[in-house]
Amino acid sequence: MICELCPRKCRVERSQERFGYCGVGELPKIARAALHFDEEPPISGTGGAGTIFFSGCNLRCVFCQNYAISAEDTGKVVTPYQLSEEYRKLEAIGAQNIEFVTPSHYIEAILKSLEYYQPRLPLIWNSSGYDSVESLRQLDGIIDIYLPDFKYSDNALAKRLSNCGDYVETAIAAIGEMIRQQPETVIENGVMKRGVIIRHLVLPSHTKNSIGVLEIIKKKYGTRAAVSLMAQYFPAGKAEEYPDINRKLTKREYHKVLDSFFDLGLDGFAQELDSSDKKYVPEWNYK
Amino acid sequence: MITYKLLAEHKQDPVLGEYKTYGIAVEQEDTVIRVIEDISPDREKVGRLIGLFNSERLSPSQLDEAVENFLYDFEV
């Protein structure tokens, strides 16, 4: 496969031995497949999200809290059939949904796995926001809930911290496509069935970036998507090499962004500021 | 006469341990009349901000707005 699945379009012929920009080959590599209770309330529900964390990533966020799997070698390679078996297992233990985390570089493998088994649960696409519209169109009618990040309103910051100088316009287009596919939010008995939630992680020293993201969301999408404002930043990955982000958020920084969230009239969720500790990093224990 | 001074505090964090953060104390005739805590852990920037407030003789009534502006892009 000459890979053009994501906007990087690295065109590497990904295989077992050759890896793309994402750092992984053609077959899916899983770091964890388990119930996850720390997502937004309508995603976790009471039964937990059936979360599959994929290894590799098409971004290079220096502050990545999942650095062990996004940039290092943690995880186990499986076939699309074995991936489909994980859906059955998660369904059997009461998962509210099947949530694909960092899936953008595995679109083809995921689509193949769904040919083997189609879960009777909502399917969630939890991505970095750096997705290509062409690839997302393959998911039309398949993915029920989109849960993209929208990390930056400033491409210079995106380039510096995620090696991604075209992040802003790419994410705007990708999220626009996601909302086109799922324009309505449907929640039944407190559990989300369809729709889009846009996540934004507030970075220390970068309130301007965060407020810019919220302003873009309001301008481009109105309230067609919910927004999940995240305060769980803590210095991870290579953050210690970047003085501006080598600390946690202050109360004032976060509240400044939160004030914008309310002033813009956005719908959604906001984490408590004391969310920023390592309990949000799962154990990478897939075997 | 109004003078702006640097306020240093120690905070305890379960992950990062003890760290310092800086705010602003407003003094009038040697009496602290207002405090804004925990503006930023960047001592140098908060120090420059205070220098600017003192040199421009910022009115305390404009302090909140000035701090909010700083918190937007962390530029002095």
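Fair warning: this is a prediction, and the values are worked out from it, not measured in the lab.

Quick notes on the rules
Residues numbered from 1 in each chain as written. Chains lettered and ligands numbered in written order. Predicted model: local features only at pLDDT ≥ 70, side-chain atom pairs only at ≥ 80, totals over all residues. Heavy atoms only, no water. 1 Å grid on protein atoms, 1.4 Å probe; cavity = no way out; pocket = protein on both sides within 12 Å on 5 of 7 lines; lining within 4 Å. Points joined across faces, edges and corners; volume = space filled by probe spheres on them. Helix = DSSP H or I, 4+ residues; strand = E, 2+ residues; numbered from the N terminus. Nonpolar A, V, L, I, M, F, W, Y, C, P; charged D, E, K, R; others polar. Contact = heavy atoms within 4.5 Å. Buried area = accessible area lost by both parts, 1.4 Å probe. Salt bridge = Lys/Arg side-chain N within 4 Å of Asp/Glu carboxyl O. Polar contact = N/O pair within 3.5 Å; in protein donor to acceptor, adjacent residues only side chain to side chain. Buried < 20%, exposed > 50% of the residue type's maximum accessible area, 1.4 Å probe, protein only. Core = buried A, V, L, I, M, F, W, Y, C linked by side-chain atoms within 4.5 Å. Expected span 1.5 Å × (residues − 1). Pairing = 2+ DSSP bridges. Axes fitted to C-alpha atoms, helices over the stretch in contact; angles between N-to-C directions.

**Observations concerning the layout of surface pockets**
If a probe the size of a water molecule is rolled over the atoms, the empty space left behind becomes visible.
Residues and elements named next belong to chain A.
Okay, so step 1: Computed from the structure, the largest pocket encloses a volume of approximately 970 Å³.
Okay, so step 2: Around the largest pocket, the lining comprises 46 residues; the ones closest to its centre are Q65, N66, D149, R199 and Q232.
Okay, so step 3: Going through the elements one at a time, β2 (49-54), α2 (67-70), β4 (98-101), β8 (191-201), β9 (226-230) and β10 (268-270) are the ones with two or more residues in the lining of the largest pocket.
Okay, so step 4: Its residues assigned to classes, the lining of the largest pocket comprises 22 nonpolar, 14 polar and 10 charged.

**Overview of empty space enclosed by the protein**
Residue and element names in this part refer to chain A.
Okay, so step 1: In the structure shown here, the tally under the stated rule is 1 cavity of 30 Å³ or more.
Okay, so step 2: Of the volumes computed, that of the largest cavity is approximately 50 Å³.
Okay, so step 3: Lining the largest cavity are C3, L5, C6, R8, K9, C10, R14, Y21, C22, N58 and H105.
Okay, so step 4: The class makeup of the residues in the lining of the largest cavity is 6 nonpolar, 2 polar and 3 charged.

**Some remarks on the interface of chain A and chain B**
Okay, so step 1: Counting residues at the interface gives 16 residues for chain A, matched by 14 residues for chain B.
Okay, so step 2: A buried area of about 1400 Å², summed over both sides, lies between chain A and chain B, and 63% of it is on carbon and sulfur atoms.
Okay, so step 3: Broken down residue by residue, the surface that chain A buries against chain B is led by K208, R252 and K256 of chain A, which jointly contribute 41%.
Okay, so step 4: In this structure, the connection of chain A to chain B is made through 1 salt bridge.
Okay, so step 5: E68 of chain B is the partner of K256 of chain A in a salt bridge, and the nearest nitrogen-oxygen pair spans 2.9 Å.
Okay, so step 6: At the junction of chain A and chain B, the tally comes to 5 residue pairs in polar contact (both at pLDDT 80 or more).
Okay, so step 7: Listed by contribution, the elements that provide at least two residues to the side of chain A that touches chain B are α8 (207-221) and α9 (251-263) of chain A.
Okay, so step 8: It is α9 of chain A that contributes the most residues to the side of chain A that touches chain B, 4 residues altogether.
Okay, so step 9: A per-class count over the side of chain A that touches chain B returns 2 nonpolar, 5 polar and 9 charged.

**Concerning unusual backbone geometry**
Okay, so step 1: Of note in the backbone geometry, N189 of chain A takes a positive phi value of approximately 50° without being a glycine.
Okay, so step 2: Considering the arrangement of structural elements, one finds N189 of chain A in the loop between β7 (186-188) and β8.
Okay, so step 3: Phi at E29 of chain B is positive, roughly 50°, even though this residue is not glycine.
Okay, so step 4: Counting through the fold element by element, E29 of chain B comes out in the loop between β2 (17-28) and β3 (31-40).

**Section: the pattern of salt bridges**
Residues and elements named next belong to chain A.
Okay, so step 1: What the rule picks out here adds up to 17 salt bridges over all chains.
Okay, so step 2: For the salt bridge of R199 with E40, the shortest nitrogen-to-oxygen distance reads 2.8 Å. A residue pair is termed long-range when its members are at least 10 positions apart, and R199 in strand β8 and E40 in the loop between β1 (29-36) and α1 (41-44) qualify at 159 residues.
Okay, so step 3: Overall, the relative accessible area of 6% leaves E40 in the buried class.
Okay, so step 4: Here K151 ties to D149 by a salt bridge, and the two come within 3.0 Å at their closest N and O atoms.

**Considerations on the nonpolar core**
Okay, so step 1: The biggest cluster of nonpolar side chains holds 72 residues, and the ones touching the most others in it are F63, W125 and F150 of chain A.
Okay, so step 2: At 8 residues, helix α7 (residues 167-181) of chain A tops the list of elements feeding residues into this core.
Okay, so step 3: Counting residues in hydrophobic clusters, the runner-up holds 17 residues, among them Y22, I36, L49 and F74 of chain B.

**Concerning α9 of chain A**
Okay, so step 1: Look at α9 of chain A: 18 Å from first C-alpha to last across 13 residues, which is about the 18 Å you get at 1.5 Å a residue.
Okay, so step 2: E253, Y254, K256, V257, L258, S260 and F261 of chain A are the residues of α9 of chain A that are buried.
Okay, so step 3: For α9 of chain A, the elements touching its buried residues are α8, β9 and β10 of chain A together with α2 (63-73) of chain B.

**Notes on the sheet that holds β2 of chain B**
Residue and element names in this part refer to chain B.
Okay, so step 1: On the basis of which strands lie adjacent, the open sheet formed by 3 strands has the order β1-β2-β3 and antiparallel pairing. The open sheet has two free edges, formed respectively by β1 (2-13) and β3, since each of these has just one partner strand. Each adjacent strand pair in this sheet contributes to an overall mean axis angle of 25°, direction not counted.
Okay, so step 2: Here β1 runs beside β2; their pairing, made up of 12 bridges, is antiparallel.

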